[in-house]
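Secondary and tertiary structure notes
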Amino acid sequence: MMKLVEDVQTLLNDEPRLAQVLNLGAFGDFPQLAGVLFGQLCNSDAIGTVVQSTYASDAQLVETTLYDIAETARRNFEPGGQSTTLLFSRGVQAIIAHRVAHKLWESGDTNLALAVKSATGRVFSTDMHPCAQIGAGLWLDHGLGFVVGETAVIGEDVSIWHNVTLGSTLNDSGPHRHPHVGSGAVVGAGAVLLGGITIGKNANIAAGAIVVENVPEGMVAVGPKASLRGAARVSFSPTKGPLS
């Protein structure tokens, strides 16, 4: 943990113009670093304080996030290493935001969790429900457009590209109405995974695929496939007109 903090401080000391742009202020450990970074990214000292206090209260959360950062730097062949990954990777920052919101949600502070989700989602262009469970080592490449429903579960060491949706079919209100993605799976850009399906360990979901059925472990799912399946089952039309 301290090496990453020291590396960030060294980078800022060596590049004064970068330090001016980021304007992070003082930090001595990872919770403080995460707090000042998010205070600047979200233009909110309050968000920064929530991020710092959440990490300061949970050493395991810090370790999980450090693993996220390390794996992102490794899989993304990041030349600047972990320090630049933390400072500049939208995906890593979005995961940090979710981990804070999820911790708050689990602690029963659901309204604050939703507030953090909303505020950080506007910054990172993501929408991840705080209840969604995400295992350690997620590489969220680019991060833009990542949507995750409430009952989704993502295993460990999963890699996901931009504009991916883990959504529901609106036909199920149960506890498994969003996808479960197995450890080691890779999900390509623009893929849409819908319903209470299971993506097996180490499976690959190709870019642009629309997946509504289980994918076995270690298999590849490719392509959009739309077909008529009978009468429409979902409607948000009012039963009466707006002026009735």
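Above this note sits the structure.
Here we summarise the structure given alongside this text.

Rules of the game
Residues numbered from 1 in each chain as written. Predicted model: local features only at pLDDT ≥ 70, side-chain atom pairs only at ≥ 80, totals over all residues. Heavy atoms only, no water. Buried < 20%, exposed > 50% of the residue type's maximum accessible area, 1.4 Å probe, protein only. Helix = DSSP H or I, 4+ residues; strand = E, 2+ residues; numbered from the N terminus. Contact = heavy atoms within 4.5 Å. Salt bridge = Lys/Arg side-chain N within 4 Å of Asp/Glu carboxyl O.

Attention now goes to helix α6 (residues 81-88). An α-helix turns once per 3.6 residues; consequently, residues spaced three or four apart project the same way. Along α6, the residues that are buried comprise Ser83, Thr84, Thr85, Leu86 and Leu87. On its buried face, α6 is in contact with α1 (2-14), α2 (16-22), α3 (30-41), α5 (59-75) and α7 (90-106).

Quick look at the pattern of salt bridges now. Going through the model one piece at a time under the given rule, you end up with 8 salt bridges. Its salt-bridge partner being Asp7, residue Lys3 comes within 2.8 Å of it at the nearest N-O pair. Of the two residues, Lys3 and Asp7 both sit in helix α1, 4 residues apart, roughly one turn of that helix. Owing to a relative accessible area of 58%, Lys3 belongs among the exposed residues under this scheme. Taking relative accessible area as the criterion, Asp7 reaches 30% and is therefore assigned partly exposed. Arg74 is the partner of Glu71 in a salt bridge, and the nearest nitrogen-oxygen pair spans 2.8 Å. Of the two residues, Glu71 and Arg74 are both situated in helix α5; the distance of 3 residues between them amounts to about one turn of the helix. Judged by relative accessible area, Arg74 falls into the exposed class, the value being 53%. Within the structure, one salt-bridge network assembled from shared partners comprises Glu71, Arg74, Arg75 and Asp157.

Let's shift gears to the environment of Glu156. Looking at the secondary structure, you find Glu156 in the loop between β5 (153-154) and β6 (159-160). Note: C-alpha distance between Glu156 and Ser183 (27 residues apart in sequence) is 4.6 Å. Not counting residues within four places of it along the chain, the set of residues in contact with Glu156 comprises Gly135, Ala136, Ser183 and Gly184.

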